[in-house]
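Each chain is listed here by its residues.
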Amino acid sequence: MKNYSLEKSPLFGIPSKAKLADLLNVGRSDLLAMSRNPTYSFFKIRKGEKFRDIEDPNPDLKKLQKRLNRLLSRIQVPEYVKSSRKGISYVDNAKFHLGFNCTAKFDIDKFFRSTKREYVFRCFHYTFGMPGDLAWLLTDLVTLDGHLPTGAPTSPLLAYWAYADVFSRMHSLAESRGAVMSLYVDDVAVSGNQPLKSEFRDKLSSIAGDYELKLKKDKTHYYLEGETRLITGCALNTVGQAIVPNKLRRKISIMIQQRDISDMTEKEIRRLYGLLNSARQIEPDFSPGLFGRAKSRIETLPV
């Protein structure tokens, strides 16, 4: 599928609601109705020791957002943007930092909830060249209560586009230090062959603050030469290899110690199989015997 520069994208400079409705394969009246009353369901999912609030669009709205996201995903983004790109995974994001001695990690606090609708509007209006009324209509279709919803398929890419200037400035700052930067949704990682000092974080924090964003203090981490670096769920060891992190290894180990594969419930075997697949994205030959047994059991379950 062809990718476009922003100016060549079908989304750039859309002149009318009728054209937008045609592009999103929805009736004009349905488009307007959804923009006036976007509906969501709300639930929580466990993430480690915490629970994460999910704002899930209703089926029709989600279908429309998916169509919009397909168009957004075909627009070329800078090389340092690693999330929401076809064929690029969190492992590729981590591997981007191989070959460097030191890494600093930063996390944008509550990124989706911090992405204000005004910034989304500016993105559609100024960056994408849409008329103001159309930019507001699209903003209504992809935001909830003044921010990007956590469960919308459009949120990851729109969070980038709404704050593209922020990340461009951060990237330029990293380059000025002889370092490289990658962005994976809200995770910013900067690597080089010299340690980054605290003043670098202060400058990143200042850039974020200019756009009403904050860096999460407890997610800032500095890795020095000789340390294993953890980047977006992947470990980079001291000899330049991507390896399965200890946390994921422990989860797998605990599961198989507690119960034999043949005795696991459907929920347990699906969870184990998912963990093993995650590990094999990093190390393709990870635990082949265990993976084979889990796969065989999965194949006996109902679809």
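Shown above is the structure to which this text applies.
To keep things clear, this report deals only with the structure shown in the data block.

Definitions and limits used
Residues numbered from 1 in each chain as written. Predicted model: local features only at pLDDT ≥ 70, side-chain atom pairs only at ≥ 80, totals over all residues. Heavy atoms only, no water. 1 Å grid on protein atoms, 1.4 Å probe; cavity = no way out; pocket = protein on both sides within 12 Å on 5 of 7 lines; lining within 4 Å. Points joined across faces, edges and corners; volume = space filled by probe spheres on them. Helix = DSSP H or I, 4+ residues; strand = E, 2+ residues; numbered from the N terminus. Nonpolar A, V, L, I, M, F, W, Y, C, P; charged D, E, K, R; others polar. Phe/Tyr/Trp six-rings, centres within 6.5 Å; stacked < 30°, edge-to-face > 60°. Buried < 20%, exposed > 50% of the residue type's maximum accessible area, 1.4 Å probe, protein only. Pairing = 2+ DSSP bridges. Axes fitted to C-alpha atoms, helices over the stretch in contact; angles between N-to-C directions. Contact = heavy atoms within 4.5 Å.

## Points about the layout of surface pockets
Put simply, the second largest pocket is a space of about 340 Å³. Taken together, 13 residues form the lining of the second largest pocket, with Asn-3, Ser-73, Arg-74, Arg-85 and Lys-86 sitting closest to its centre. Looking at the lining of the second largest pocket element by element, the count peaks at 3 residues for helix H3 (residues 59-73). Partitioning the lining of the second largest pocket into residue classes produces 5 nonpolar, 4 polar and 4 charged.

## As for the packing of aromatic side chains
The description of two aromatic rings rests on the distance between their centres and on the angle between their planes. Evaluation of the coordinates by the stated rule reveals 12 aromatic pairs. With centroids separated by 4.0 Å and ring planes inclined at 10°, the aromatic side chains of Phe-121 and Trp-136 adopt a geometry described as stacked. Pair noted here: Phe-121 is in helix H6 (residues 117-127) and Trp-136 is in helix H7 (residues 132-142), with a separation of 15 residues, a long-range link. Classification of Trp-136 as partly exposed rests on a relative accessible area of 34%. Taken together, Phe-111, Phe-112, Tyr-119, Phe-124, Phe-128, Tyr-160, Trp-161, Tyr-163 and Phe-167 form an aromatic cluster joined through their ring pairs.

## Considerations on the sheet that holds strand S5 (residues 187-192)
If you walk across this open sheet you meet the 4 strands as S4-S5-S3-S6, and the pairing is antiparallel. At either margin of the open sheet sits one strand with a lone partner, and together these are strand S4 (180-184) and strand S6 (221-223). Along the sheet, successive strands turn relative to each other by an average axial angle of 15°, direction set aside. Of the strand pairs in this sheet, strand S3 (residues 102-107) and S6 are connected by 3 bridges, and their pairing is antiparallel. Its bridge partner being in S6, Lys-105 is matched across the sheet by His-221. Where helix H10 (residues 198-209) meets the sheet, its contacts fall on S3, S5 and S6, and the angle it forms with S3 comes to roughly 30°.

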